[in-house]
Amino acid sequence: MTEVAPAAAPESAYSALRHLRRTRQLHRLGNIEWFEAAYRVYLLAIFGGGSVLWISTSVKDGIAAPDTIADVAAHAPTVLGLVVCFALLSGLRGGAQGGPIALEAADVVHVMLSPVDRRRALLRPASQRVRGAMFSSATAGAIAGQLAGRRLPGSLLAWAAGGALFGATAALVWAGSALLAHTLRLPRWVATTAGITALAWQGVAVATDIPGPADRFGSLGLWGWRQHPADLVGVGLSLAAVVAGFLLLRRISLEALARRSALVAQLRFAVTMQDLRTVVLLRRQLNQEQARRHPWLRLRPARSHGFNSTVWRRGWHGLLRFPGTRVVRLAALAATIGVLHGATVRGTTPAMLGSALLCFVLGLEVMEPLSQEVDQPDYNDSYPVERGELMVRHLVAPLVALVPLSLVAAVAAVLTLGGSTRAIAPAAIMALPTLWGGVSGSIVSIVRDAPDPFSSTKQQAFIPPEMAGFSTALRLLLPLVISTLATCTVLLPRAALRNGDSLVGAALRGAVGSLLVIGAVCYWVKVRDRVRVKIRQFMDEGRSQTSAQRQQRSQA
Amino acid sequence: MSAALSTHQLSKDYGDRPALFPLDLEVPKGQHVALVGHNGSGKTTLLRMAAGLLDNSGGEARIAGHLAGTQPARTALSWLSDTPTFYDDLSLWEHLEYIARLHGVADWADTAESLLSRLHLGDRRDDIPTTFSRGLRQKAAIAIAMVRPFEVMLVDEPFVGLDQAGKDTLLELLDEVAAGGATLLVATHELAFVHRVQRLLALRDGALVFDGAPATADVHSLVLPA
């Protein structure tokens, strides 16, 4: 055991690797609950198919007008090029942060530290990653393609195939850029700058007539209608990037692999459990987003040592350590929410759902002090205050932090509405209340995750299986429904605009509606534990009375 | 003849926080070295960089003359971590088989049997190590690290979680490793262990503050933070 090592025998090592991978695959297959897997596929087919059908019905059948077709022919490649540039930015940034491959932690230590050729050992997980990305992206492309095919010349099948080709190529761009950024060890700022430059250039190309860097890639999206062989250059380039990435796999960083292995395993578990809050949190960790060592501003020493002031200061201590990337992301989210609200007012009703979803995500980001409190039950159970009182106070600092973001959203909404001066007052009135209301869903999601000292696991285990799927769906959807309820108030100014009513009056009514939602949620946070205790007492009393009555009857 | 472990201006920083200042170090073949320091002094960082598990911020580390992390360096090196990692679908015996075979060892079974017996894990060989207690996990990791051949062994806090019998067995095994001609670098807080080695290295806040014979050192003061 301690003899000086002989030269390793590579072929036997590779055969061990193959043998163990096969054995482990068999173990995993043996552990699959086939009935449950079939049930999941069934659910996916129902919801996925239903969603595609629902989207399809929103697209009218019948060929578009000739000028629209000409417009698509002229501009679609440039617009679709934006998607490719976004994939490039995402790939470059992901690669610079250690992506796209994720191994098991044990593989990092045992296989990567063994004398097997790392390129050979990594080829399989890397190609699986690329294949997976290509499959999902091609599927999305095919769905989008067949939707476009309903209005544009060409058969639906050709459009679906063209969309799939475009999607697969975008995935290759993402995977190739990620592999190259990682193996070439691109510094993060270089990767971000390169990606943003390409995206900005393409953005300028969309707005003007100059050619964009990804026009050829975008042109692939129209292959259902017309084919330009020159577009295949894009496919070739992206394939070459992936192959180059594979050839450089020996240069992969074990530090990044080790860091990602644990996080990706947790991320997959969180996705399986439909735990959106944990997904957002782990995505941040995966991107190595850490709190700033030096806060943006230092708070002055506390003058008051009361309960309110203590929680308020704790909130700001956390918020003022948000890293720059997170602040930019929050601003971008707020701006997009504003754009979607503007689009809703202009008549695109589904944009309201998008804005609700983004409000939910914004809430998960900005409600960090509350999340931290929920994640530390040992601490907050030891405080000499009622948990509901503590949590409701944790909402104050984040809600105040939303004020500047509401300005961003208001400006974006006004610009989306063509910069009309009539839009300024309603946007100013509604921006903050709709943001506050919109983040209500995330508050519910966070607070609901807090360990419940009043429920027993026994009680949860008694949920009948028929109800389990429904309760899971409800658990996932309820916060989103609350966010949607609070943001659908933007429909009021739209109705006023159509009916010629007062816009300001409609905006005021909408703002009150959104404020009612956030008010109700805050109240729920405050009294949730108390109400649960009362319900529990009520149930216990009922049970004891029933058992006493039974005893009396049996004695009689 | 190249050193078993050498570093040249090896450094590591996490953003603006240096974890290890540029370090020049040479450990000859067969030497038995202890590495001490307070929590956060840079011991684990140094060992993980030498193992190729952490990227260097500067400089380089070499194992048996080969750059850390390269194939020949991995052949020569065995790494025993303070946080053992296992596959959650392989038994201990399957772990030993897998890792021995990855290192090209054909007749691994006798060695594995002997290691498990000495570490009192014989009756747990068919169990999944991720389900073990802290101490048993550490013992399993020791068996895995020693079932394969190596020239250099890097060990991080090996005594944590071990009972006295486990500690004694580990000390015996490490003595055998040293007697077999392998080089040992052991990071530890067990100051009693320090007197069994030929050379002592002490890190404080990422800098090497002592390099010499353990007999000449005031070990207790070396492990205090600045």
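Calculation criteria
- Residues numbered from 1 in each chain as written.
- Chains lettered and ligands numbered in written order.
- Predicted model: local features only at pLDDT ≥ 70, side-chain atom pairs only at ≥ 80, totals over all residues.
- Heavy atoms only, no water.
- Pairing = 2+ DSSP bridges.
- Helix = DSSP H or I, 4+ residues; strand = E, 2+ residues; numbered from the N terminus.
- Axes fitted to C-alpha atoms, helices over the stretch in contact; angles between N-to-C directions.
- Contact = heavy atoms within 4.5 Å.
- Domains from an automatic or database assignment.
- Buried area = accessible area lost by both parts, 1.4 Å probe.
- Salt bridge = Lys/Arg side-chain N within 4 Å of Asp/Glu carboxyl O.
- Polar contact = N/O pair within 3.5 Å; in protein donor to acceptor, adjacent residues only side chain to side chain.
- Nonpolar A, V, L, I, M, F, W, Y, C, P; charged D, E, K, R; others polar.
- Parallel < 35°, antiparallel > 145°, perpendicular 65-115°, else oblique.
- Left-handed = near helix turned anticlockwise from the far one by under 90°.
- Core = buried A, V, L, I, M, F, W, Y, C linked by side-chain atoms within 4.5 Å.
- Buried < 20%, exposed > 50% of the residue type's maximum accessible area, 1.4 Å probe, protein only.
- Phe/Tyr/Trp six-rings, centres within 6.5 Å; stacked < 30°, edge-to-face > 60°.

Q: Even after reading the chapter, I still don't get the sheet that holds strand 9 (residues 199-204) of chain B, so can you show me in this structure?
A: Sheet strands pair via backbone hydrogen bonds, and the direction of the pair is either parallel or antiparallel. Residues and elements named next belong to chain B. Ordered in space as 6-7-8-3-9-10, the six strands form an open sheet in which the pairing is mixed. The open sheet is flanked by strand 6 (77-80) and strand 10 (207-212), the only strands paired with a single partner. Strand-to-strand, the axes of this sheet are offset by a mean angle of 15°, without reference to chain direction. Both strand 6 and strand 7 (residues 152-156) contribute to a ladder of four bridges, which runs parallel. By the bridge assignment for strand 7, W79 is matched with L154. On the sheet, helix 1 (residues 43-51) packs against strand 3 (32-37), strand 6, strand 7, strand 8 (183-187) and strand 9 and is oriented at approximately 145° with respect to strand 7. Sitting on the sheet, helix 5 (residues 134-146) is in contact with strand 6 and strand 7, with an inclination near 180° to strand 6.

Q: Help me understand the domain arrangement of chain A in this model?
A: When the parts come together, some accessible area is lost, and that loss is often what is quoted as the size of the interface. All names here are of chain A. By the assigned domains, chain A splits into domain 1 (39-286) and domain 2 (321-450 + 471-540). Using C-alpha coordinates to define each centre, domain 1 is positioned 31 Å away from domain 2. Contact with domain 1, which involves seven residues of that partner, is made by 14 residues of domain 2. Summing both sides of the interface, domain 1 and domain 2 together bury roughly 980 Å²; the carbon and sulfur share of this comes to 59%. In this assembly, domain 1 and domain 2 are joined by zero salt bridges. Counting across the domain 1 and domain 2 interface gives zero residue pairs in polar contact (both at pLDDT 80 or more). Broken down by element, the residue count for the side of domain 1 that touches domain 2 peaks at four residues, all from helix 11 (residues 276-286). In the side of domain 1 that touches domain 2, the residues fall into three nonpolar, one polar and three charged.

Q: Looking at this model, I keep getting lost on the packing of helix 5 of chain B against helix 6 (residues 164-179) of chain B. Mind explaining?
A: Packed helix pairs are specified by the crossing angle of their axes together with the interaxial distance, meaning the distance between the axes. Residue and element names in this part refer to chain B. It is at 11 Å that the axes of helix 5 and helix 6 come closest, and there the two elements cross at 15°. In terms of orientation, helix 5 lies roughly parallel with respect to helix 6. Between helix 5 and helix 6 the crossing geometry is left-handed. Contact residues: helix 5 offers K139, I142 and M146, while helix 6 offers G166, L170, L173, L174 and V177. When grouped by side-chain class, the residues that make up the contact of helix 5 with helix 6 number six nonpolar, one polar and one charged.

Q: In this structure, what is going on with the pattern of salt bridges? I would like to understand it.
A: Once their charged atoms are close, side chains differing in charge can pair, the charge on each being opposite to the other. All told, the structure shown has 24 salt bridges over all chains when counted by the stated rule. One salt bridge connects R62(B) with E60(B), and the closest N-O pair in it is separated by 2.9 Å. Salt-bridge contacts for R124(B) lead to D127(B); the nearest nitrogen and oxygen are separated by 2.6 Å. Linked by salt bridges that have partners in common, R326(A), R329(A), E365(A) and E368(A) make up one network.

Q: Quick question: what am I supposed to make of the nonpolar core here?
A: Buried together is how nonpolar side chains tend to be arranged in soluble globular proteins. Core analysis: the biggest nonpolar cluster contains 62 residues, and V111(A), L257(A), I63(B) and L154(B) have the highest contact counts within it. Setting aside anything within four residues of it in sequence, one finds L154(B) in contact with L5(B), L47(B), A50(B), A51(B), L77(B), S78(B), W79(B), L80(B) and L185(B). Formed by 49 residues, the second largest nonpolar core is a distinct cluster that contains L80(B), A145(B), V194(B) and L222(B).

Q: It is not clear to me how the sheet that holds strand 1 (residues 5-14) of chain B should be interpreted in this structure. Could you clarify?
A: Residues and elements named next belong to chain B. The four strands are arranged 2-1-4-5 in an open sheet whose pairing can be described as antiparallel. Two strands in the sheet have a free side with no partner beyond their single neighbour: strand 2 (17-27) and strand 5 (66-67). Pairing of strand 1 with strand 2 involves seven bridges; the strand directions are antiparallel. In the sheet register, Y14 faces strand 2, and the bridge partner there is R17.

Q: Whenever I open this one, the packing of aromatic side chains confuses me. Can you help?
A: Two aromatic rings, taken as a pair, are described by how far apart their centres are and by the angle between their planes. Residue and element names in this part refer to chain B. Counted under the stated rule, the structure contains four aromatic pairs over all chains. Taking the centre distance of 5.2 Å and the plane angle of 50° together, the rings of W93 and W108 count as tilted. Of the two residues, W93 sits in helix 3 (residues 92-102) while W108 sits in the loop between helix 3 and helix 4 (109-118), which places them 15 residues apart along the sequence. Exposure class is identical for W93 and W108. Each is buried.

Q: For this particular structure, what's the right way to read unusual backbone geometry?
A: When glycine is set aside, most residues are seen to have a negative phi, and most peptide bonds are trans. Between G99(A) and the following residue, P100(A), the backbone shows a cis peptide bond with an omega angle of 0°. Positive phi, close to 45°, is recorded for E157(B), a residue that is not glycine. Tracing the backbone through its elements, the reader meets E157(B) in the loop between strand 7 and helix 6. The buried category is assigned to E157(B), whose relative accessible area is 11%.

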